[in-house]
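Given next are the chains, with one letter for each unit.
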Amino acid sequence: MEMRIDKERFRKNYRIAKNIYNTCVVVFSFCKKFRDIEEIENIFPIMEYLEKESDKLYYDLFNISKNLDEHGNKIKKQ
């Protein structure tokens, strides 16, 4: 499936994804450090999931912004 998106909209969504990713990294690190607190231990699996999913999203958007495919190879213009 091919999708077209204008550059301005892509840049906006890229910034949003980057902010979500960075926030997840900080919150995940905090939760990992304080897992001995019961409430944090209870939400840790959710934070772990969000961190992994945001990592995948940011990785894909980063590659798209650099004209790379899912394997990190340069996309040839047709």
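Calculation notes
- Residues numbered from 1 in each chain as written.
- Predicted model: local features only at pLDDT ≥ 70, side-chain atom pairs only at ≥ 80, totals over all residues.
- Heavy atoms only, no water.
- Core = buried A, V, L, I, M, F, W, Y, C linked by side-chain atoms within 4.5 Å.
- Buried < 20%, exposed > 50% of the residue type's maximum accessible area, 1.4 Å probe, protein only.
- Helix = DSSP H or I, 4+ residues; strand = E, 2+ residues; numbered from the N terminus.
- Contact = heavy atoms within 4.5 Å.
- Phe/Tyr/Trp six-rings, centres within 6.5 Å; stacked < 30°, edge-to-face > 60°.
- Lys NZ or Arg CZ within 6 Å of the ring centre and 35° of its normal.

Asker: So, the nonpolar core: which residues are in play, and what are the values?
Answerer: Formed by Phe10, Tyr14, Ala17, Tyr21, Tyr58 and Leu61, the largest nonpolar core amounts to six residues. Put simply, the parts of the chain that give this core at least two residues each are α1 (7–33) and α2 (38–65). The greatest single-element share of this core, amounting to four residues, is contributed by α1. Residues contacting tyrosine 14, with those up to four places away along its chain left out, are Tyr58, Leu61, Phe62 and Ser65. Counting residues in each nonpolar core, the second largest holds five residues, with Phe28, Cys31, Ile40 and Met47 among its members.

Asker: Give a detailed account of the packing of aromatic side chains, specifying residues and quantitative values.
Answerer: Scanning all chains against the criterion turns up five aromatic pairs. Seen from their ring centres, tyrosine 21 and tyrosine 58 are 5.1 Å apart, and the 15° between their planes marks the pair as stacked. Placement of tyrosine 21 in helix α1 and of tyrosine 58 in helix α2 is noted, with a sequence separation of 37 residues between them. For the pair phenylalanine 28 and phenylalanine 44, a centre-to-centre distance of 5.4 Å together with 25° between the ring planes defines the contact as stacked. A residue pair is termed long-range when its members are at least 10 positions apart, and phenylalanine 28 in helix α1 and phenylalanine 44 in helix α2 qualify at 16 residues. Exposure remark for phenylalanine 44: the relative accessible area of 4% places this residue in the buried category. Pairwise contacts between aromatic rings join Phe10, Tyr14, Tyr21 and Tyr58 into one cluster. Directly above the ring of phenylalanine 44 sits arginine 35, whose terminal nitrogen or CZ lies 3.8 Å from the centroid.

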